[in-house]
Amino acid sequence: MPHRTIRARRLTFVTASVMSMAVLATACGGSGGGTSAASKEFKYLSVTENTTTRTALTTLSTSTCKTENAALPLKVETVPQAQLDQKLQLLAGQDALPAQFAAGNAPALTKQLAKSGKVADIQMELDRLGVLDQLEPAAVSTIKALYGGKLMALPYEYNIEGIFYNKKLFQENGIAVPGTWDELLAAADKLNAKGIQPFSASGAQGWPLTRLISGYLYRSLGPDALDKVDAGTAKLTDPQYVKAAEEIAALGKKGYFGKGVGSIDYDTAMNQFLTGKSGMFYMGSWALANIADPKQNKVGAENVGFMPFPAVKGGAGSVDQYPSNIGLAVTLGSKSFDKKTGAWVGCIAENYGATALKDHGTISGFKVNAQVKDANEVAATVRRTISSSQRNVLWFEALFSTKATTISNTTATGLVNGSVSPQKFMETVQAALGSQ
């Protein structure tokens, strides 16, 4: 997806207000899926900013899912993302949620809808249709991590994160792909000594820096490191958590992010890497679209590799646990889930992965059940990685409040330029966790 939808891809959720939740609970009170008149349309409510999913569904409606569409025509409606939660609350109160709809901006809203009987039991329905195995295990793991252990959304988009690296620069400087954190630091030292900026990162956005903190946490403390913070059984101010911030701060102190990282925006960081000015770039697989574009990628797609965040010596995490997200989450309404809707969902599960990859160049969390040629080797590597990964993790701010997310992102630059100590950074974010 183009950069204009990066916000949706990152899933930087806005937590629904307590008042909104109370109103929703009252409006939705206790009605289950129930029975209703047969649906005449396969309605999909999306957000205006996201075009990928609705375009792919439209493609399916005229191709492999043509029969299902003839029986129940696809109808797409959109609403600005900023108005999505309000729209869903209104429709839920009227018992009028469509067959498919973009999940709320916070997982809490979808959980509340499910508790009120408004969301279909997706795992049960997919299993009944015989297509549950069409979802990549890693995507299922990610969805359940976001929604309290339940499969409450479909993976129309799926991204993993890791380190893209310049193969040519590595080869020219005798650098093997790092497997450990110490090897990564050694690689950065070599590049820096040759006058090559080791890492590109956007300090203006902040999250590309904090993703490195969570990467270290997951490798050192294990995949439940931030779940424990969310549950209150650990704090970001605990020594082993501060250690992660110290390691990333040290990269900045050595100048490995280049000069003025705080003013570097996402596009500039991407450009630095794709023009060969840096050796490594931590980013999500949505960057594959940029890598495949010869107008942007001056080093050549053949010279871009992808590796996981490296292992930390003695750590409890594993390199095959990738931070991941499902882009714009989409869920299913319970009231309109009938036989015709089920036929549509079954067709989507079996064909969406191939259609999204072949016609739109995007990777989803559905298996690809057709011969589709990847745009380049790095795209193939990412797809193989997704298929082989069994358990994925989230990202630093995934379970944070809106306030804590904002503070984390805006303070990250201070962490790497030395104006904010690692201890102070973690204290500041921890203090904001209980706020909305």
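Residues numbered from 1 in each chain as written. Predicted model: local features only at pLDDT ≥ 70, side-chain atom pairs only at ≥ 80, totals over all residues. Heavy atoms only, no water.

Next up on the list: the nonpolar core. Within the largest apolar cluster, 138 residues are counted, with the highest numbers of intra-cluster contacts made by Phe164 and Met280. If one sorts the elements of this core by residue count, helix α16 (residues 339-360) sits on top with nine residues. Ignoring anything within four residues of it in the chain, the contact list for methionine 280 reads Ile163, Phe164, Tyr165, Phe170, Leu184, Ala188, Leu191, Pro198, Phe199, Ser200, Phe273 and Met307. (Core = buried A, V, L, I, M, F, W, Y, C linked by side-chain atoms within 4.5 Å. Buried < 20%, exposed > 50% of the residue type's maximum accessible area, 1.4 Å probe, protein only. Helix = DSSP H or I, 4+ residues; strand = E, 2+ residues; numbered from the N terminus. Contact = heavy atoms within 4.5 Å.)

Looking now at helix α11 (residues 207-221). In a regular helix each residue adds 1.5 Å, so 15 residues correspond to 21 Å; α11 covers 20 Å between its end C-alpha atoms and thus fits that length. Most of α11 is tucked away, with 14 of its 15 residues classed as buried. Glycine 222 occupies a position one or two residues after α11 and carries a positive phi of about 105°. (Expected span 1.5 Å × (residues − 1).)

Viewed as axis vectors pointing N to C, α11 and helix α18 (residues 402-417) meet at an angle of 80°, and their least axial separation amounts to 8 Å. Comparing their axes, α18 and α11 come out roughly perpendicular. When α11 is examined against α18, the residues Trp207, Leu209, Thr210 and Ile213 are found in contact with a partner set consisting of Ser408, Asn409, Ala412, Thr413, Leu415 and Val416. When grouped by side-chain class, the residues that make up the contact of α11 with α18 number six nonpolar, four polar and no charged. (Axes fitted to C-alpha atoms, helices over the stretch in contact; angles between N-to-C directions. Parallel < 35°, antiparallel > 145°, perpendicular 65-115°, else oblique. Nonpolar A, V, L, I, M, F, W, Y, C, P; charged D, E, K, R; others polar.)

This part takes up the state of the cysteines. Put plainly, two cysteines are in a disulfide when a covalent bond ties their sulfur atoms together. A complete count under the given rule lists one disulfide for this structure. Paired by a disulfide, cysteine 65 and cysteine 347 hold their sulfur atoms 2.1 Å apart. Looking along the S-S bond of the cysteine 65-cysteine 347 disulfide, the torsion reads about -105°, which is the left-handed sense. Placement of cysteine 65 in the loop between α3 (52-61) and α4 (66-71) and of cysteine 347 in helix α16 is noted, with a sequence separation of 282 residues between them. (Disulfide = S-S within 2.5 Å.)

This brings us to the pattern of salt bridges. Tallied over the entire structure, the rule returns 11 salt bridges. Between lysine 243 and glutamate 247 there is a salt bridge; the shortest N-O distance is 2.8 Å. Linking lysine 243 with glutamate 247, this pair stays in helix α13 (residues 239-253), spanning four residues, or about one helical turn. Note that glutamate 377 is salt-bridged to arginine 384, the shortest N-O span being 2.8 Å. For arginine 384, a relative accessible area of 48% corresponds to the partly exposed category. (Salt bridge = Lys/Arg side-chain N within 4 Å of Asp/Glu carboxyl O.)

To continue, consider the confidence of the model for the protein chain. Close inspection of predicted coordinates is inappropriate for parts of the model with low pLDDT. Chain-level statistics for the protein chain give a pLDDT mean of 90 and a share of 91% at 70 or above. Low pLDDT, under 50, characterises residues 1-36; the predicted model gives this stretch 81 contacts beyond four residues in sequence or across chains. (pLDDT = per-residue confidence, 0-100.)

As a further point, take the sheet that holds strand β1 (residues 42-47). Ordered by their spatial adjacency, four strands build an open sheet running β2-β1-β3-β9, and the pairing between neighbours is mixed. Looking at which strands have only one partner, the edges of the open sheet turn out to be β2 (74-79) and β9 (330-332). Each strand axis lies, on average, 20° off the axis of its neighbour in the sheet, ignoring direction. The sheet contact formed by strand β3 (residues 100-102) and β9 spans three bridges and is antiparallel. Looking across to β9, one finds that glutamine 100 is bridged to leucine 332. Lying on the sheet, α16 is in contact with β1, β2, β3 and β9; it crosses β1 at an angle near 55°. (Pairing = 2+ DSSP bridges.)

Here the focus is the packing of α18 against helix α19 (residues 422-432). Two numbers describe how α18 lies on α19: the axes approach to 8 Å, and their chain directions differ by 170°. One way to sum up the angle between α18 and α19 is to call them roughly antiparallel. On α19, the residues that touch Lys403, Ala404, Ile407, Ser408, Thr411, Ala412 and Leu415 of α18 are Pro422, Phe425, Thr428, Val429 and Ala432.

Relative to the assigned elements, serine 389 resides in the loop between α17 (377-388) and α18. On the basis of relative accessible area, serine 389 is assigned to the buried category, the value being 3%. In sequence terms serine 389 and alanine 139 are 250 residues apart; their C-alpha atoms lie 9.1 Å from each other. Setting aside residues no more than four positions away along its own chain, serine 389 makes contact with Pro137, Ala138, Asp320 and Tyr322.

The next subject is the pairing of strand β4 (residues 159-166). Of all eight residues making up β4, eight are buried, and the element is well covered by its neighbours. Here β4 runs beside strand β8 (residues 324-325); their pairing, made up of two bridges, is antiparallel. Bridging across to β8, asparagine 159 finds its partner in asparagine 325. Here β4 pairs with strand β6 (residues 278-284) via five bridges, running antiparallel. By the bridge assignment, glutamate 161 is partnered in β6 with glycine 284. Of the strand pairs in this sheet, β4 and strand β7 (residues 304-307) are connected by four bridges, and their pairing is antiparallel.

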